Structures are given as structure tokens and as C-alpha cells.
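Chain and residue survey
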Amino acid sequence: MKFSLSYVAVSAAILTLSACSDNSSTQSREQQNTNLTQVPDFWPVLDIAIKTDTGVEKKVAELLANMTLEQKVAQTIQPEIRDITVEDMRQYGFGSFLNGGGSFPDSNKHATPQDWIALAQAMYLASVDDSLDGSRIPTLWGTDAVHGHNNVIGATLFPHNIGLGAMHNPALIKEIAKVTAQEVMATGIDWVFAPTVATVQDDRWGRTYESYSEDPAVIRQYSHAIVEGLQGDPEKGFFNDDNVIATVKHFIGDGGTVKGDDQGDNVDTEQQLFEIHGQGYVGGLRAGAQSVMASFNSWHGDKLHGNHYLLTQVLKERMGFDGFVVGDWNGHGQVKGCSNESCPQAMNAGLDIYMVATPAWKPLYENTLAQVKSGEIPLARLDDAVSRILRVKIRAGLFEKPAPAERKYANLQNVIGKDAHRAIARQAVRESLVLLKNNAQLLPLKAKQSFLLAGDGADNIGKQSGGWSVTWQGTGNNNDDFPGGHSIYGGIKERVLAAGGTIELAANGEYKNKPDVAIVVFGEEPYAEGNGDIDNLDYQRGNKRDLALLKKLKAAGIPTVSIFLSGRPLWVNPELNASDAFIAAWLPGSEGQGIADVILADETGKAAFDFVGRLPFSWPVSPTQTPLNFNDDDYKPLFKLGYGLSYATPAELNNDLNEVIVTDGQAVYIRAIFDRSAIAPWFVALLDGDKVDRMNSNTVQTDSLLVRTQDRRVQEDSLQISWLNDSSAKFAMMNSFPEDLRAMHESAASLQFDLKFIDNLPETLSISMECGEGCGAKIELAASLSTSVNEWQTITVDLQCFAQQGVDFANVFSPFILEAKQGTTLGLSDVKIVPNTAKTATLSCQD
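Residues numbered from 1 in each chain as written. Predicted model: local features only at pLDDT ≥ 70, side-chain atom pairs only at ≥ 80, totals over all residues. Heavy atoms only, no water.

1. Looking at the state of the cysteines
- What the rule picks out here adds up to three disulfides.
- Each sulfur in the disulfide pair Cys-338 and Cys-343 lies 2.1 Å from the other. The chirality of the disulfide connecting Cys-338 with Cys-343 is right-handed, given an S-S dihedral of about 65 degrees.
- Residue classification places Cys-338 among the buried residues on the basis of a relative accessible area of 16%.
- Note that Cys-801 is cross-linked by a disulfide to Cys-845, the S-S spacing being 2.0 Å. Residues Cys-801 and Cys-845 are joined through a disulfide that is right-handed, its torsion about the S-S bond being 105 degrees. Here Cys-801, found in helix H24 (residues 799–804), pairs with Cys-845, found in the segment after strand E34 (825–834); they are 44 residues apart in sequence, far enough to count as distant.
- In this structure Cys-801 comes out as buried when scored by relative accessible area, which is 7%.
- Disulfide partners in the protein chain, listed by the sequence order of the bonded cysteines, are 1-2, 3-4, 5-6. (Disulfide = S-S within 2.5 Å. Buried < 20%, exposed > 50% of the residue type's maximum accessible area, 1.4 Å probe, protein only. Helix = DSSP H or I, 4+ residues; strand = E, 2+ residues; numbered from the N terminus.)

Here is the structure:
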């Protein structure tokens, strides 16, 4: 596992701080709960910036004494905006609600800031309307603002955390947090689910880019800075007009699961759990963070949402956290013996708010109420949870603030994406860039020459922004979805033309006039959470199209600069060898012109800014070199933690890095088409005649089809599809360009997918493949289906069945199309092509 040797100094500092904290406070906490003796001494008692206030506690007690059981339970239920109405809020008085990634007011991806304020205003007024529920306690809206207010069109998007970690600049982090808070407040929202303080130890994890560093010292320092930026600080005060409630997440150990498995198991010792994964909580809680989000992962097989020892004895009783613990998306449903609709174990373990982001909120509310009445959840535990929620609301000023539409930032013009905010993001881009190679000091480039901008990331703000950008996965976007933003090409073009140079954009590298230099922007497709999990770090394994482009330019004798977009270090030895200069640009966000600021020079050959970014993660020397262990004598990454060149410190990198991957020669890979979301290059589309509607958010509807995400195993990992009339509407996974799937056909593969029929069986159901005009095949499935409803079943169709009807597997535009009649509703997940399964397929066409 990865952790920096600098931890030794950090640990000493923490213990010193703990020793210097108020002794009477320490003693009183220990006297209040004898369970503290079971907690090892390395867990500190923290000196927290926001102190206990007798006035606040008195108001909490007064409010609690006048609440009914129904009102108390409602404070612990957090539904999602797609699943409740304003009238539901008026009737139940939920303590909080959220919008998930890619969830918008009225399911409108292009909702304006005014639309967001309107929903915030309606929910707030309903929550303080006591006509139905008798409660006037204001609700809280929480949102995932993880690199700016990233759900809102036009917001300033900062580099993802991995890029911010490369800056090593906590002062700038604090400014970024302040900007984020202002833009969030401008939409009437009071609470953000940030910062993520995971200390990632295995880069195969799909959330690596949400981590600042593999070094716990950096995590601790940054967590403190960002919480102060979001909530305020002792010098200027807490929870002013431009502050929001921060959430330190995910407690605890999410960055250290076995093999980097999202929501997997962390098997570290308890001391490692603190030393490696606890530092962000030391920093963030000391700064006064008012909420902590429980993690999806397990610790030695025990799900954190149900872990009383860590949530209550360690976090609340030993560390002294007196805010509230919120769950993650239906995370309580993963606790042993629980479901999304019922989980007393989670509240009894120390969870204060259930994030129940599906229609399960209503049975959960009813079951929780019944469990309190029966004593299964002690009334004292419920009262403690509600007291914590009320305490945070009072501290944050929710009882005194005007309604969202009447607040300062809601009535200021152009807060979202304002120029001053974008300037800070542009600075962050500059400082996040890490120069890995600059042979013959190719960089900086004089702007007055001819340039080729190539690669599919050159003019693609969505790709450079990554996941959690407008949509949850960051997919389904185009540059128009980022008004005010700048692509990398756009920033370079502006500088080059102003200097009298020329520039040509050609994603495929096919230039009209041979350039003096080529800049190729390429990297990972956007993803979020488990969708980004991989089993090794080989970039574009099995499909080295970006390497082919670099080699083509190299063969033409064109000096080439590679700008690599990624959410983690990846094995790119071949791409490094084929490049004259190579920059790790991470996921820079909406202000791509920050790259031009660093790589372009004036007429004298001098750049305005040098490279100051340094690797926040070790860079692998092989695809399987993970996790890297600082404690091992054989720790030998390609580039160590903290590596980075600059113009002031040039160095040459050999062009003979090893490109050979040792395998058994027998590997045949499954080709995923939909795994929690559509896998690039495929995308989800609704087809009706000549009309094609892409799925660009978590709900899309046409006159004939309704498609929305749903939870099967984890958050939004499957789709629910409903045919609304008897038109020729089709649901498809497709690509704008043909894919060569001949190798899959030749490997005796089958198309495999999971279906669940909701409430009734379809009268007809067919599956098709399309391979261009007049090319395709359609197979009726109804006779091959299980007769069960509301249960998942796996269907496999031999690819040979499609081939026999004329599918050309060299040119597949759509490998998966479903057609059904009006009234059919089904769930769909796990669409993939699996080698060596044709003979055992549900529908087999083998001789």
C-alpha cells in the first residue's frame, strides 16, 4: 500500500495537538462514555474549531422537546429530487434532500441557476409550512460539488482533486473552496458533499482522481484548507453569506480496498486505518467540518454504514465529532440484514441521516418509525441523531437565513462562472500540470509557428473535465454544455493566432499542411466511481489507437508534445517513447487555456509560467505495479512521488522505456458495452424513426420511450426502460463510427445481458444488431425468456445467430438494440460480449 514516509512527522504533530488540547474537555468526554477505553490511544481527541455553545444546545433541546416521533424520523430521511415532490416535503418535512450526480430540477440538464433557486425556494417553503406536518424546521439541500458546482451548466469547473494535489498549494485550495461555496449558494443550496479525503493506495480504483494524493500528509493539510474555505474560519467567522456546510468523506478506508475495488473491503490494521486513511478527518474535523459521510466500503468484511465501533466510539466519542453522519447513496441497504427500505442496524451503529435516493424513502420512513416505536431503535439514539442534525442547522444559521430566493448570492448577477472564478481555476490548471518528459527542451513552444492540434481530447471540454461534470459519469456532454469554458485547443489557438502563428485542428492527425510541431491531447474517457475500476494500469489495453497516432507523427518527423488526460497514473511507456515531450494534465476542468499559459513562449522563447506541479501519486513502471509500497526495499516506480521537471530543471528521458508486457499469451477479454453506464465508444440512444435522442442525464424521455437509471447492486448501475406507445421506438447502445468486433465473433462469443421484467412479461421482445445501411439482424427473444417477473435473469445470444442473418462484425455501429410494445417496462444491466460462451448460450446457433 502507498503512504508517504512524511507520515511520521504528521503523526507526531497530531499527538502533540491532542496532548495540547483542553484536558478538562478530554476528561469529560472519557467520563461520559466508558467505551473509550476500548479505543487505542493513536486515535486522537481533537481540538475542533467550532466549539460547543450553550445557547445552541439550549435551542436544540427546546426544539427536540416539542417534536413528534414522526417529525424526528423525517429529519433522518434524505430523499432525492427525482423521487419526491414539493407536496411530499410539505407533508413529511424531510430534514434534508439531495440531487445526485446528473440530476437536475425538472430533469432538465440545461436548468438555469434560476431554475435551481426556484426548486430550492419551493422545497424550503414547503419544509417550514406546518399546515400538514406541524413542523417549521427548514430543510437542507445537499449536492456533490466535487470540483466546483459541477452539476450546473455554466459553473466554474476546477481540476479534479488529483490535479489539485499536484499543486501542493493549500492556500489556493482554500480559495477554490470559497469560489465553490459562492457558486453553490447562488443556486440556493446550503450543503456540499465535499471534500473527499480518501488516501488512495491502489490506482486501479475508479475514484482515484477524487483523491489529492497517496500521501496522508497532503490529505490532512488539504482537508483543513478546503473545509475552512467552504465553511469559514476562526479569523473571519463561520457560516457567513458565502459559506456552505462541508462534508468530509468517506469514513473510512475507501482508498485502501483490496485491488482498488469500489465499495470493496479494506483489510488494513486499525493503526494503518488511522495512519493512512484517517488523516483527512484529523484535518477536516479540526477545521470544524459539520458532516461526515459514511463510506460504502467494508473494514474486514463489516460495512462502514453499520460499524458502531468506528462511527460512534471512534468518530463521535473519541475524536469528539458532534455534527451528523450522513449515509451514501442507499449505503445502508448494503449492511448485513438490511435493505434500502429497512435498516435499523445503521442508525443504531451511528448513522444520523439515511441517504435513500430511490422511491424506497417512503417504506424506509415507515419502517424506521415503527422500529423506534417498538424499541428496536432506542428513542435515545433517534434523539441523538436529530439533535446532531438540529445543531448543525442552527450553527449554519438556517433558522435565521431568509428563504433561498431572498439570499445575497441568489440575487447577484453572474456569480455562476464569473470571470474572477475562472481566473482562479485557470491558475489551478497551470499549477497542476506535471512535466514528465521534455527532451531537447522542446518546451516551451514559440507561438509564432505552425501547429497541429490532434487527439480526441484537444477540443473536448467534457473529456478534459472527466466524471462529475454536468452528468454523473461526465459522459453525454459536448462543448455547448460548458458555456464560458475553454477547451485546450481553444486556449492554444487564441495565443497562437495572436502571435501570428497558424493552427490546424484534426483529431485523427490528418493534417493538410505539415506543421512545425504537433500537440496531441488524449487520455481516459470520463467515468465516475465503480465505472472507472480497472484490473491493471495499461492505457488503452488492446486498442492502442492513441499510440498509433503518436507513432504516425513521429514517423513523419514532426516534433510531438503529448498532453495526457487521466484520473490516475497509468502505464504509458509506449506513449512516452513516441513523444518528445509529455505532460500529465490530469482532468483540468473547464479552463483549458491554463495549459497554453505554460507550454507557449513569447518571441524570445520564454514562457510566462514554469511547470510547478509535482506528482501526487507514484507513476507505475509496469501495468501491474500496484499498489506501490513506500516501505518496500524494491519500491521502484517509473517516476517517484513528487517527481516533476521544469524549465529551470531540465532533464532527458530515455526513449527506450520497456514496452513489453509479459502475459501467458492466452488472455481473451470480455468486451463490456454497458457496465453501470455505457462503455466508450458506445452510448445510450432512444431511436424513433429518423430521430436519435442520446441519454445525456440520468433520465431521458421521448414521446415513445422513458429511460432512467436505477439501482441494482450499487448506485445507478442499471437502467429502467418503458415503452409508452406502440410506435417503432427502439432502445440502443450505439456508436457514431463502426467498431471491428470480428475477433469477438471468431472467439465463439455471445452477447450477454441481464433483464428484469417489471410487473408483467412482454408480449414481444426482440434484440438487434446494426452494421450500416441495409446491414443488420433481428432476433425474437420472447420464447426464450423466463416466465418470472420482478427478478433478474441472464440472457445470452450466440454472435453466430447474428452472423447467419448477415451482420458484418467488421463494421458494427450498434451491438445492442431492444424493441417491445406499449406497456413493457424492464430493467437492463451488464451488457457485454463474452468469449467462449456460444455453445452454452440461451440462443445458440453453433453446428
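And the narrative resumes.
2. Things to note about the sheet that holds strand E30 (residues 765–770)
- Strand order in the open sheet formed by six strands is E24-E23-E28-E33-E30-E31, with antiparallel pairing between adjacent strands. If you trace the sheet from one side to the other, it starts and ends with strand E24 (691–694) and strand E31 (776–780), each paired once. Strand-to-strand, the axes of this sheet are offset by a mean angle of 25 degrees, without reference to chain direction.
- Pairing geometry for E30 and strand E33 (residues 814–820), over five bridges, is antiparallel. Across the sheet, the residue bridging to Glu-770 is Ser-814, located in E33. (Pairing = 2+ DSSP bridges. Axes fitted to C-alpha atoms, helices over the stretch in contact; angles between N-to-C directions.)

3. Observations concerning helix H19 (residues 488–498)
- Buried within H19 we find Ile-488, Tyr-489, Gly-491, Ile-492 and Val-496. For H19, the buried positions fall inside an angular range of 165 degrees around the axis, keeping them on one side. Across H19 from its buried face, at more than 90 degrees, point the exposed residues Glu-494 and Ala-498.
- Among the residues trailing H19, Gly-500 stands out with phi positive, at a value near 90 degrees. (Arc of directions from axis to C-beta.)

4. Quick look at unusual backbone geometry
- For the bond running from Ala-194 to Pro-195, omega is 10 degrees, close enough to zero to count as cis.
- Examined against the element boundaries, Pro-195 turns out to sit in the loop between strand E4 (191–192) and helix H10 (216–231).
- A positive phi angle, close to 45 degrees, is found at Glu-716, a residue other than glycine.
- Structurally, Glu-716 can be placed in the loop between strand E26 (705–710) and strand E27 (718–723).
- In this structure, Asn-836 takes a positive phi of about 60 degrees despite not being glycine.
- Relative to the helices and strands, Asn-836 is located in the segment after E34.

5. Description of the packing of aromatic side chains
- Applying the stated criterion across every chain, the model contains 25 aromatic pairs.
- Where Trp-191 meets Phe-324, the ring centres are 5.1 Å apart and the plane angle is 80 degrees; that geometry is what we call edge-to-face. One end of the pair, Trp-191, is in strand E4; the other, Phe-324, is in strand E12 (residues 324–326), with 133 residues separating them in the sequence. When sorted by exposure, Trp-191 lands in the same class as Phe-324, which is buried.
- When the ring centre of Trp-792 is taken as origin, the NZ or CZ atom of Arg-712, which lies over that ring, is 4.2 Å away. (Phe/Tyr/Trp six-rings, centres within 6.5 Å; stacked < 30°, edge-to-face > 60°. Lys NZ or Arg CZ within 6 Å of the ring centre and 35° of its normal.)

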